[in-house]
Amino acid sequence: MSPPFSLSLSLSLPSTPNFSPIKPHAVNCTVVSAVGNHFLDAYVLSESSLFVYTNKIVIKTCGTTQLLKSVRPLIHFADKLNLMLCECRYTRGSFIFPKSQPFPHTNFKEEVIYIEENLPNNLVYRKAAVMPLKNPSCSWHVFTVTDQNHHRRRSLNSDVTFEVCMTELDRHLAHRFFKKIGDCKTRDLAGKEMTELTGIDDINPSAFICDFTFDPCGYSINGIDDDRYSTIHVTPEDSYSYASFECVGSVYDDDIDIVETLKKAVQVFKPVTVSISMTSNSREVWTKVTRAMEPLGLKCRTFAMDEFPTAGSVVFETFTATTRRK
Ligand SMILES: C[S@@+](CC[C@H](N)C(=O)[O-])C[C@H]1O[C@@H](n2cnc3c(N)ncnc32)[C@H](O)[C@@H]1O
């Protein structure tokens, strides 16, 4: 029997206008940098990140990429390695520029149909939900699908995955993600400098990182810490500034408290709006998160919770700044 593997896809929010990078492949993004350790390989993409484990692939893209077009080739290559897909998860926020999204990202229903059409027949247990349903301009979309052997299995581990979207970043802080005029540093050096200047290096000091600066602005970083990954992507342009942060941690970790990590990441940007999705087996973690955002001047505006086969509980909260930032 083939060993099982799982596929996790997430689409980040904005489409970034005003540039036309060379994007030769089906999904419309390319690998720009890579690191690896004993547990996983982490790739920075021109539009976000890709993490490859022996039994799992996590791919995150944004803008006008066609993320879901990766499903068929990934399954094809997994099959060549004699791996059998046992679980697939797709998540995304609401599109900021829905009309700019190319097929198959036309609407959530169509996206689910597209994924289903491209999945093997063994994945029979499906659930799709929009959270909260009543607020389509600011909601979290989750689709999970699993095979017979996995759908009842509630993972016993304490992992929690945070997917954070931040908009209207503090202008002064966002401008630190622009290259200085006349700066001829190599991308590696410029990336290292941005990582230190912005305090991103302090989010998880034990992570092995891979940072990348774009020209004339924009920044991406992947961090790997044993079997866990974290990633940040920054679009600092004033009129549509945006940053995403995603990480995996444990609800029981004391040494690297996952909620502290989350707080540090939000403080790097001091955004006006933040949405946080938490996927875990713990129903308690969201209370810690809500409490942690208050001292940062962020008030919880919406809350939604749902259960998904194998994924566990998904909690989605949105926050806005209580005082308008400059
Ligand atoms: C960090 S990159 C891609 C990450 C994506 N926005 C996300 O949130 O996942 C986006 C930023 O890089 C800049 N950029 C410059 N050249 C780019 C390229 N060739 N491809 C993608 N982004 C580029 C954009 O203007 C934007 O500020």
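Residues numbered from 1 in each chain as written. Predicted model: local features only at pLDDT ≥ 70, side-chain atom pairs only at ≥ 80, totals over all residues.

Under an unreviewed UniProt entry, the name given to the protein chain is adenosylmethionine decarboxylase, and the organism recorded is Hibiscus sabdariffa. As recorded by UniProt, the Cofactor (unreviewed entry) comment attached to the protein chain reads in full: "pyruvate". Turning to the protein chain, the UniProt record has this under Sequence similarities (unreviewed entry): "Belongs to the eukaryotic AdoMetDC family." (UniProt positions renumbered as here; feature names shortened; annotations may be inferred.)

In a soluble, globular protein the nonpolar side chains are often hidden away together inside. Counting residues in hydrophobic clusters, the biggest one holds 77 residues, and the most contacted among them are V164, M166, A243, A265 and M278. Counting residues per element, this core draws most heavily on helix α5 (residues 258–269), at 6 residues. Look past the residues within four positions of M278 in its chain and what remains in contact with it is V160, F162, V285, W286, V289 and V315. (Core = buried A, V, L, I, M, F, W, Y, C linked by C-beta atoms within 7 Å. Buried ≥ 20, exposed ≤ 12 C-beta atoms within 10 Å, placed from the backbone. Helix = DSSP H or I, 4+ residues; strand = E, 2+ residues; numbered from the N terminus. Contact = placed C-beta atoms within 7 Å.)

Here the focus is the confidence of the model for the protein chain. As a general rule, the predicted coordinates of low-pLDDT regions are not to be interpreted in detail. Confidence in the prediction of the protein chain, expressed as mean pLDDT, is 86, and 88% of residues score 70 or more. Across the protein chain, helix α3 (residues 171–174) holds the top mean pLDDT of 96, while strand β1 (residues 4–11) sits lowest at 68. Counting contacts from residues 15–24, a segment whose pLDDT is below 50, to residues more than four positions away or on other chains yields 13 contacts. In the predicted assembly, ipTM is 0.95 and pTM is 0.91. (pLDDT = per-residue confidence, 0-100.)

A few words on the pairing of strand β10 (residues 208–213). Of all the 6 residues making up β10, 5 are buried; the element is thus mostly covered by neighbouring parts of the structure. Where β10 lies against strand β11 (residues 219–225), 6 bridges are found, and the strand directions are antiparallel. When the bridges of β11 are listed, F212 appears paired with S220. From the end of β10 to the start of β11, which pair antiparallel, there are 5 residues, and G218 there has a positive phi angle of about 110°. (Pairing = 2+ DSSP bridges.)

With antiparallel pairing, the 8 strands of this open sheet are ordered in space as β10-β11-β12-β13-β9-β14-β16-β15. Of all strands in the sheet, those with a lone pairing partner are β10 and β15 (298–308), marking the two edges. For this sheet, the mean inter-axis angle between neighbouring strands, taken without regard to orientation, is 10°. Alignment of β11 against strand β12 (residues 228–235), held across 7 bridges, turns out to be antiparallel. Residue I221 lies in a different strand from β12, and its bridge partner there is I232. (Axes fitted to C-alpha atoms, helices over the stretch in contact; angles between N-to-C directions.)

Quick look at helix α2 (residues 108–118) now. Buried within α2 are the following residues: F108, E111, Y114 and I115. Around the axis of α2, the buried residues are gathered within 120° of arc, so they sit on the same side. Set apart from the buried face of α2 by more than 90 degrees, the exposed residues are K109 and E117. In this structure, the buried residues of α2 make contact with α1 (71–80), β6 (84–92), β7 (123–131) and β8 (140–147). (Arc of directions from axis to C-beta.)

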